[in-house]
Each structure stands twice: as structure tokens, then as C-alpha cells.
Amino acid sequence: MSAIQIGMLAEVPEEGGKAFTVEGHAIAVFRVEGELFAIDDTCTHDDASLSAGELDPDMLCVECPHHGALFSLRTGEARTLPAYKPVKTYRVYAEGDALFVEYST
Ligand code: FES
């Protein structure tokens, strides 16, 4: 597991998400009330981009923009159908303005 700089913190909107490509793999980074979360960007149901989904800050979930499955930002768990498989989560942090994820293939 190694930390990889994926971009700059400023690229992630406050209370929003953005997808980054890490070694050919799409990872969605979200910022909720100043806290960072990283999960696989691709929905386990049918390949939608979760970074384009709407955040539910109270439940710390993102809603898939295609069919509405909710995924936990903290655990990656699929909380509602039609998705039932979790997405992977990654440790993400900022050092100064730079954004890092811990990623291994
Ligand atoms: S593609 Fe995400 S719920 Fe269907």
C-alpha cells in the first residue's frame, strides 16, 4: 500500500465529490463538512459515476445518479438496492494543498 498524490485539495468541491484516476482506476473523493472520503467511483450496480451523485451529509452517503442506490462514504456499504455489493474505500488525506490516497493494486 503506498500513498499516491492524485491531485489538489482545491479540486474537490466543498460538500461535493470529484473523480480522479489512479493507475487507471477511478476513485471518487468527497468532502463533507471538511472531512475527506474516498471510494471507488464506479457503482457496483451498473457502472455509474458515484462522484456525480448527490451527497446525503446526515447519513454520510452518496446517492448513485443512475438508479439511486445509497453508498456509505465511510464503509463503502451499499445501503439500498438496486446495488448490493459494496464499493472499496481508501484512506485519503491532504498535506498542505496536495491530495493523497493510499492505493494498492
Ligand atoms: S448504476 Fe448505480 S444504482 Fe444503478
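Cut-offs and rules
Residues numbered from 1 in each chain as written. Predicted model: local features only at pLDDT ≥ 70, side-chain atom pairs only at ≥ 80, totals over all residues. Heavy atoms only, no water. Helix = DSSP H or I, 4+ residues; strand = E, 2+ residues; numbered from the N terminus. Rg over C-alpha atoms; globule rule 2.2 N^0.38 Å. Buried < 20%, exposed > 50% of the residue type's maximum accessible area, 1.4 Å probe, protein only. Contact = heavy atoms within 4.5 Å. Polar contact = N/O pair within 3.5 Å; in protein donor to acceptor, adjacent residues only side chain to side chain. Pairing = 2+ DSSP bridges. Phe/Tyr/Trp six-rings, centres within 6.5 Å; stacked < 30°, edge-to-face > 60°. Lys NZ or Arg CZ within 6 Å of the ring centre and 35° of its normal.

- You'll find the protein chain entered in an unreviewed UniProt entry as (2Fe-2S)-binding protein, with Candidatus Chloroploca asiatica given as the organism.

## Observations concerning the overall build of the protein chain
Link 1 in the chain: Each helix and strand counted, the protein chain has zero helices and 10 strands in total.
Link 2 in the chain: Reading the helices (α) and strands (β) of the protein chain from amino to carboxyl end gives β-β-β-β-β-β-β-β-β-β.
Link 3 in the chain: Relative to the globule expectation of 13 Å for 105 residues, the C-alpha radius of gyration of the protein chain, 13 Å, shows essentially globular dimensions.
Link 4 in the chain: Based on the C-alpha atoms only, the size of the protein chain along its principal axes is roughly 35 × 30 × 20 Å.
Link 5 in the chain: The buried share of the protein chain, taken over its 105 residues, is 43%.

## Concerning the environment of Asp-40
Link 1 in the chain: Following the sequence through the fold, Asp-40 ends up in strand S4 (residues 35–40).
Link 2 in the chain: Residues Asp-40 and Arg-91, 51 residues apart in the sequence, show an inter-C-alpha distance of 12 Å.
Link 3 in the chain: The residues contacting Asp-40, other than those within four sequence positions of it, are His-25, Ala-26, Ala-28, Leu-50, Val-87, Lys-88 and Tyr-90.
Link 4 in the chain: A polar contact is formed between the side chain of Asp-40 and the side chain of His-25, at a distance of 2.7 Å.

## Side note on the pairing of S4
Link 1 in the chain: Buried residues dominate S4, accounting for five of its six residues.
Link 2 in the chain: If you look at the hairpin formed by strand S3 (residues 25–32) and S4, you'll find two residues sitting between the two strands, and Glu-33 has a positive phi there, around 50°.

## Observations concerning the packing of aromatic side chains
To describe a pair of aromatic rings, one takes the distance between the centres and the angle between the planes.
Link 1 in the chain: Summed over the entire model, instances satisfying the criterion amount to two aromatic pairs.
Link 2 in the chain: Measuring from ring centre to ring centre gives 5.9 Å for Tyr-90 and Tyr-103, while their planes differ by 35°; the resulting arrangement is tilted. Taken together, the residues span a long stretch of sequence, with Tyr-90 in strand S8 (residues 89–90) and Tyr-103 in strand S10 (residues 98–103) at a distance of 13 residues. Neither Tyr-90 nor Tyr-103 differs from the other in exposure class; each is buried.
Link 3 in the chain: Relative to Phe-100, the ring of Tyr-93 lies with its centre 5.5 Å away and its plane at 10°, an arrangement referred to as stacked.
Link 4 in the chain: On the accessibility criterion, Tyr-93 (19% relative accessible area) is buried.
Link 5 in the chain: Its guanidinium or amino end placed over the ring of Phe-20, Lys-18 lies 5.1 Å from that ring's centre, counting from NZ or CZ.

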